[in-house]
Amino acid sequence: MRLLITGGAGFIGSNLLHYWCEKHPDDRIVCMDKLTYAGHLESIRSLIDRGSIEFVKGDICLREDVGRAMRGADAVIHLAAESHVDRSIDKPDEFIKTNVFGTFTLLDEARRSNIKRFHHVSTDEVFGSLSLESRKKFNEQTRYDPRSPYAASKAASDHLVRSYGETYGINVTVSNCGNNFGPFQHPEKLIPRFITLLLSGRKVPLYGDGLNVRDWIYVLDHCSAIDTIVNRGKSGGTYMVSGRNELSNIELTRKILSEMGFSEDRIDYIRDRPGHDRRYALSDSKLRKELGWKPSKRLEEALRTTIGWYVENEWWWKPLGDNYSFSVGRETSSNRDALRSGL
Ligand SMILES: NC(=O)c1ccc[n+]([C@@H]2O[C@H](COP(=O)([O-])OP(=O)(O)OC[C@H]3O[C@@H](n4cnc5c(N)ncnc54)[C@H](O)[C@@H]3O)[C@@H](O)[C@H]2O)c1
């Protein structure tokens, strides 16, 4: 198969490229990425150097770039996006442009090419927030209820993908996933932030009551879910992807501290604001039943692997510095000021 992967220099994209080259060594892969602040060529340098992938620097909003990268492709896996909620609140423009117009440009080019599968990687945030008391989970029938410009732009792109499936008969699939963690994740996100702070001898900031719940998945399990859907998902199908690891921020923090051999006096409790997204949770029954997918790593094992990776790969994260806004599990607007003031 000849594959175009967009956003392959980012966190999930780079993991997907490593995964795919190992799992499907005969596939020919083109990675297209604009290399924004979130794209790191170093994450995929080894694959480029050994000729396992072709890298094309390009912008998904530019038809010329897209046409060049898509030439000869059988399938597209679309991950390129602006992905940081806090940034979407400060400057929504880029999010609308990349996530909505960029997805449109890719789809429109795909309908002119002979693309046999267009897979769109999306997020649980398009569904809004659940209460801590409820036992509900998001599923394929859940109504869209985005609460940040990031989530709204991803929701719009999901709708565009489905509309191109219906209107132009493109073979599309969509996956909505929870919070990923693993190697090559920018330290603006919770898990790498906490690990790198602790490795630098600092405390970790925990906001509010720490009870906000997120649905965590190891990034390589997300990659294997994408592989399963791209190769076996039904045309027009949507699939929820979950690691079934619902954890509050305080529980997660305790696990990281204990794994790294620190006590709870390393926690800095920071005052929070009320009203932020309390809980995200996904039901992945359809993906498990219909396609037989399941994650391979338990949370504790995946956390250990991730911590080990940051210990061994300071060369990757140290140059990124720490001059960036920080997201506790992709929080939304209501507590972002509290998050910032805490650092
Ligand atoms: N990280 C998560 O927990 C998570 C969860 C669910 C879904 N997702 C989705 O998965 C995808 C990847 O997320 P991530 O965390 O790897 O994001 P990321 O921010 O780490 O990577 C995004 C990549 O897209 C590239 N990019 C941005 N604008 C571009 C443009 N105009 N043209 C070409 N490339 C461009 C960036 O350079 C970067 O390499 C996104 O679509 C995101 O919405 C992420």
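Residues numbered from 1 in each chain as written. Predicted model: local features only at pLDDT ≥ 70, side-chain atom pairs only at ≥ 80, totals over all residues.

**Q** Can you help me understand the site of the ligand in this one?
**A** Around the ligand, the surrounding shell holds 31 residues, and the nearest of these are Gly7, Gly10, Ala38, Gly39 and Ala81. For the shell around the ligand, the elements supplying multiple residues, two or more each, are helix H1 (11-23), helix H5 (92-112), strand E5 (117-123) and strand E7 (179-181). Tallied by class, residues from the shell around the ligand come to 12 nonpolar, 14 polar and 5 charged. (Near = placed C-beta within 6 Å. Helix = DSSP H or I, 4+ residues; strand = E, 2+ residues; numbered from the N terminus. Nonpolar A, V, L, I, M, F, W, Y, C, P; charged D, E, K, R; others polar.)

**Q** What's the story with the packing of helix H9 (residues 249-259) against helix H11 (residues 299-312) in this structure? I'm lost.
**A** Between H9 and H11, the shortest axis-to-axis distance is 10 Å and the interhelical angle comes to 55 degrees. One element, H9, and the other, H11, form an angle in the oblique class. Seen from above, H9 lies across H11 with right-handed handedness. For the pair formed by H9 and H11, the contact residues are Lys255, Ile256 and Glu259 on the first element and Glu300, Leu303, Arg304 and Ile307 on the second. Split into classes, the residues belonging to the contact of H9 with H11 amount to 3 nonpolar, no polar and 4 charged. (Axes fitted to C-alpha atoms, helices over the stretch in contact; angles between N-to-C directions. Parallel < 35°, antiparallel > 145°, perpendicular 65-115°, else oblique. Left-handed = near helix turned anticlockwise from the far one by under 90°. Contact = placed C-beta atoms within 7 Å.)

**Q** When you look at the domain arrangement of the chain in this model, what are you seeing that I'm missing?
**A** It is common to give the size of an interface as the accessible area that goes away when the parts come together. According to the domain assignment, the chain consists of domain 1 (2-179 + 216-241) and domain 2 (183-215 + 245-278 + 298-341). Averaged C-alpha coordinates put domain 1 and domain 2 at centres separated by 24 Å. In this assembly, 24 residues from domain 1 lie in contact with 24 residues from domain 2. For the side of domain 1 that touches domain 2, the secondary structure elements donating two or more residues are H1, helix H4 (85-90) and strand E9 (213-218). Tallying contributions element by element places H4 first for the side of domain 1 that touches domain 2, with 4 residues. Across the side of domain 1 that touches domain 2, the residue classes break down as 9 nonpolar, 9 polar and 6 charged. (Domains from an automatic or database assignment.)

**Q** Help me understand the sheet that holds strand E2 (residues 28-33) in this model?
**A** Within a sheet, adjacent strands bond to each other through the backbone by hydrogen bonds, running parallel or antiparallel. The 7 strands lie next to each other as E3-E2-E1-E4-E5-E6-E10, forming an open sheet whose pairing is parallel. The sheet terminates laterally at strand E3 (53-57) and strand E10 (238-241), the two strands that pair on one side only. The mean angle between the axes of side-by-side strands here comes to 20 degrees, regardless of whether they run parallel or antiparallel. When E5 meets strand E6 (residues 172-177), the two strands line up parallel, connected through 6 bridges. Within the sheet, the bridge partner assigned to histidine 119 lies in E6 and is threonine 173. (Pairing = 2+ DSSP bridges.)

**Q** Can you walk me through the nonpolar core in this structure?
**A** Among soluble globular proteins, nonpolar side chains are generally buried collectively. Leu4, Ile5, Leu17, Cys31 and Val76 are the most contacted members of the largest nonpolar core, which has 79 residues in total. Top contributing element to this core by residue count: helix H6 (residues 149-168), with 8 residues. Summarising the domain contributions, this core has at least three residues from each of domain 1 (2-179 + 216-241) and domain 2 (183-215 + 245-278 + 298-341). With sequence-adjacent residues up to four places away left out, isoleucine 5 is seen in contact with Gly13, Leu16, Leu17, Ile29, Cys31, Ile77 and Leu79. (Core = buried A, V, L, I, M, F, W, Y, C linked by C-beta atoms within 7 Å. Buried ≥ 20, exposed ≤ 12 C-beta atoms within 10 Å, placed from the backbone.)

**Q** Sorry if this is basic, but what is going on with unusual backbone geometry here?
**A** Glycine aside, residues mostly have negative phi, and peptide bonds are mostly found in the trans state. Located in the positive-phi region is leucine 35, a residue other than glycine, with phi close to 60 degrees. Among the structural elements, leucine 35 can be located in the loop between E2 and helix H2 (45-49). A positive phi angle, near 55 degrees, is found at arginine 244, a position not held by glycine. Its place among the elements puts arginine 244 in the loop between E10 and strand E11 (245-248). Given 17 C-beta atoms within a 10 Å radius, arginine 244 is considered partly exposed.

**Q** Would you mind going over the sheet that holds E11 with me for this structure?
**A** Pairing is mixed in the open sheet, where 3 strands are placed in the order E7-E9-E11. One side of each edge strand has no neighbouring strand; the edge strands of this open sheet are E7 and E11. Strand-to-strand twist in this sheet, taken as the mean axis angle between neighbours without regard to direction, amounts to 45 degrees. Bridge analysis of E9 against E11 gives 4 bridges, and the strand direction is antiparallel. By the bridge assignment, tryptophan 216 is partnered in E11 with asparagine 245.

**Q** What's the story with the packing of H1 against helix H8 (residues 219-232) in this structure? I'm lost.
**A** For the pair H1 and H8, interaxial distance at closest approach is 9 Å and the crossing angle is 60 degrees. Comparing their axes, H8 and H1 come out oblique. Of the two elements, H1 crosses H8, and the hand of that crossing is right-handed. Between H1 and H8, the contacting residues are Ile12, Asn15, Leu16, Tyr19 and Lys23 on the first element and Val219, Leu220, His222, Cys223, Ile226 and Asp227 on the second. Partitioning the contact of H1 with H8 into residue classes produces 7 nonpolar, 2 polar and 2 charged.

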